[in-house]
Amino acid sequence: MTARPDTARKVLLYWMDGLVGLYMLGITAYIVLRTAQGRISVPRAVAAEACLLTLFGLFPFLLRHAFDARPRPTVQLAVAGLAAAAAVALVPAPPDGITIEGSWAMVAFLWLSAAVLYLPVWGALALSVVVVGLTSSYVILISGRPWPGVLVTEAVTAAVTAVAMWLWRWLWWTIRDAHDSKEAKARLAVSEERLRFARDLHDLLGHSLSVITLKSELAAKLATKDAGRAAREMADVRRLVADSLAEVRQAVDGYQALDLEAELAGVRAALEAAGTRCTIEARAGDLSPAARVLLAWVVREGGTNVLKHSAATRCAITIDGGVLEMRNDGVRGPAAGPGSGLRGLAERMTTAGGSLTATGMPDGEFVLRAAVPA
């Protein structure tokens, strides 16, 4: 589960790197073509390509710097902006009937899409107005096309590019916040359970230990004055200790008693929240309460292992009589030996007359099988 947000982050970043790389290849091919046709001089083409390499070389670093937060503008951002402006100014050559100038201005809008990640909304809007105004003026100057059409085209292109980049980062923030929310809920649930258990122990033992303390002090004082009464007080202390021990054992037994249906529902909810499709077929109506508790422990431990140690996309849980099987397709590499949780659970199952096995299959499935006395 922890690795999945990291995977999403890498996918989003590499996906954007790929798109930007394809765009750079297209622009480079255009420069080579115009140079081969003699419409751009070789020095001009070399200078334009150097500006492009500077912009596209810095672009991945600009994205990663602004991916997890909105930082202040950096020197790298300024250098990339100068490189983009220089590249737009160097290419294309004066128009010859091919209206490619507006597409070439996308180099400036690509830099703008990175710059908006560093700025608040008002700053991004102001910068967009400046960039659109400058690129539109440039295109009008070298192409002679009517300014209304050029301005609308450039403004729409800039807006789509910048908004797409902003939404791309917003998608990552949504994924990250959803994962953090899940972890926070899990930690809160654990904390609440610890507080509940601590409160129960306090309620059970607080009064008894206070009485035991008082009676022990009284018995110590009476030991040299009234041995008979001191003996009676110590007998009360022993009784209170025995009663308290019984109450603690009862509380712990109740704390450890699991409900099979509740565990199945909880594991399904947790797995599906993590992106693992979970199917359940359970026929356990004839099982004894003790057998149901044992299977509930297997379901909990098995579900925890799927979440922590696999990249499963599906998990199937079947219970037929006293036999439970959990199958998932999340084995990563050679199957490791059972962890301490499964070993402890196997010992508990053996003590109760059952069995537990965990096996990695050649087809990539992992099968956890438990059998309990019905």
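Analysis parameters
Residues numbered from 1 in each chain as written. Predicted model: local features only at pLDDT ≥ 70, side-chain atom pairs only at ≥ 80, totals over all residues. Heavy atoms only, no water. UniProt positions renumbered as here; feature names shortened; annotations may be inferred. Helix = DSSP H or I, 4+ residues; strand = E, 2+ residues; numbered from the N terminus. Salt bridge = Lys/Arg side-chain N within 4 Å of Asp/Glu carboxyl O. Buried < 20%, exposed > 50% of the residue type's maximum accessible area, 1.4 Å probe, protein only. Pairing = 2+ DSSP bridges. Phe/Tyr/Trp six-rings, centres within 6.5 Å; stacked < 30°, edge-to-face > 60°. Expected span 1.5 Å × (residues − 1). Axes fitted to C-alpha atoms, helices over the stretch in contact; angles between N-to-C directions. Contact = heavy atoms within 4.5 Å. Patch = residues over 30% accessible without salt bridge, like charges linked within 9 Å, V, L, I, M, F, W, Y side chains within 5 Å. Areas by Shrake-Rupley, 256 points an atom, 1.4 Å probe, with all protein chains shown as cover. Right-handed = clockwise from strand over helix to strand, strands pointing away. Parallel < 35°, antiparallel > 145°, perpendicular 65-115°, else oblique. Left-handed = near helix turned anticlockwise from the far one by under 90°. Nonpolar A, V, L, I, M, F, W, Y, C, P; charged D, E, K, R; others polar.

Novice: It is not clear to me how the UniProt feature "transmembrane region" (unreviewed entry) in the chain should be interpreted in this structure. Could you clarify?
Specialist: With numbering matched to this structure, UniProt assigns "transmembrane region" (unreviewed entry) to residues 12-33, 45-63, 75-92, 98-118, 125-144 and 150-172. Span residues 12-33 is 100% helix and 0% strand, its end C-alpha atoms 32 Å apart.

Novice: What's the story with the pattern of salt bridges in this structure? I'm lost.
Specialist: Oppositely charged side chains can form a pair if their charged atoms are brought close together. On inspection of all chains with the given rule, the structure shows 9 salt bridges. For R314, the salt bridge is made with D329, and the minimal N-O distance between the two is 3.8 Å. A residue pair is termed long-range when its members are at least 10 positions apart, and R314 in strand β2 (residues 314-320) and D329 in the loop between β3 (323-328) and α11 (340-351) qualify at 15 residues. Judged by its relative accessible area of 24%, D329 is partly exposed. We note a salt bridge from E365 to R327, for which the minimum N-O separation is 3.0 Å. Taken together, the positions of E365 in the loop between β4 (355-360) and β5 (366-371) and R327 in strand β3 put the pair 38 residues apart, joining distant regions of the chain. A residue is classified by how much of its surface remains accessible, and R327, at 30% relative accessible area, is partly exposed. Here the salt bridges share partners, and the residues they tie into one network are R314, E325, R327, D329, E365 and R369.

Novice: Explanation requested: the pairing of β5 in the structure shown.
Specialist: By the bridge criterion, 6 bridges tie β3 to β5 in an arrangement that is antiparallel. Note that in β5 the partner of R327 across the bridge is V367. Where β4 and β5 come together, 6 bridges link them in antiparallel fashion. Looking across to β5, one finds that T359 is bridged to V367. In this structure, the hairpin formed by β4 and β5 is closed by a connection of 5 residues, where G364 is found at a positive phi of approximately 95°.

Novice: Can you walk me through the packing of aromatic side chains in this structure?
Specialist: For any two aromatic rings, the description comes down to two numbers: the centre-to-centre distance and the angle of the planes. The final tally for this structure, using the stated rule, is 3 aromatic pairs. A centroid spacing of 4.9 Å and a plane angle of 45° characterise the contact between F67 and W168, whose relative ring orientation is tilted. One end of the pair, F67, is in the loop between α2 (42-65) and α3 (75-90); the other, W168, is in helix α7 (residues 147-222), with 101 residues separating them in the sequence. Owing to a relative accessible area of 0%, F67 belongs among the buried residues under this scheme.

Novice: What should I look at first to understand helix α10 (residues 289-309) in this one?
Specialist: Quick reminder: α-helices carry 3.6 residues per turn. Residues three or four places apart thus point the same way. Its 21 residues give α10 an end-to-end C-alpha distance of 30 Å, which sits within 8% of 30 Å, the value for a rise of 1.5 Å per residue. Looking at α10, one finds that the buried residues are A291, R292, L294, L295, A296, W297, V298, V299, G302, G303, N305 and V306.

Novice: In this structure, what is going on with the sheet that holds strand β1 (residues 277-283)? I would like to understand it.
Specialist: Hydrogen bonds between backbone atoms are what pair the strands of a sheet, whose relative direction is either parallel or antiparallel. If you trace the 5 strands from one edge of the open sheet to the other, you get β1-β2-β3-β5-β4, paired in mixed fashion. This sheet does not close on itself; its edge strands, each paired only once, are β1 and β4. Adjacent strand axes in the sheet meet at a mean angle of 5° when their direction is disregarded. Where α10 meets the sheet, its contacts fall on β2, β3, β4 and β5, and the angle it forms with β3 comes to roughly 10°.

Novice: Would you explain the environment of S288 in this entry?
Specialist: Tracing the backbone shows S288 in the loop between β1 and α10. The spacing of S288 and V372 is 84 residues in sequence and 9.9 Å in space, taken between C-alpha atoms.

Novice: Just checking my understanding: could you explain a nonpolar patch on the surface for this structure?
Specialist: On the surface, V163, W166, L167, W170, L171 and I175 cluster together to form a nonpolar patch covering roughly 540 Å² of accessible area. With respect to the secondary-structure elements, L171 resides in helix α7.

Novice: Any chance you could explain the pairing of β2 here in plain terms?
Specialist: Taken residue by residue, a regular strand's side chains alternate between the two faces of the sheet. By the alternation rule, side chains of β2 split into C315, I317 and I319, which are all buried, and R314, A316, T318 and D320, of which none is buried. As judged from the 7 bridges shared by β1 and β2, these two strands associate in the parallel manner. Pairing of T279 across the sheet is with A316, part of β2. After leaving β1, the chain enters α10 and then returns to the sheet as β2, a path that is left-handed. As paired elements, β2 and β3 share 6 bridges and run antiparallel to each other.

Novice: Explanation requested: the packing of α2 against helix α5 (residues 106-115) in the structure shown.
Specialist: Packed helices, taken two at a time, are described by the angle between their axes plus the distance between the axes. For the pair α2 and α5, the least separation of the axes is 11 Å and the interaxial angle reads 25°. When the axes of α2 and α5 are compared, the pair comes out roughly parallel. Remark: the crossing between α2 and α5 carries left-handed chirality. Two secondary-structure elements touch here, α2 through L52, L55, F56 and F59 and α5 through V107, L110, W111, S113 and A114. Considered class by class, the residues forming the contact of α2 with α5 number 8 nonpolar, 1 polar and no charged.

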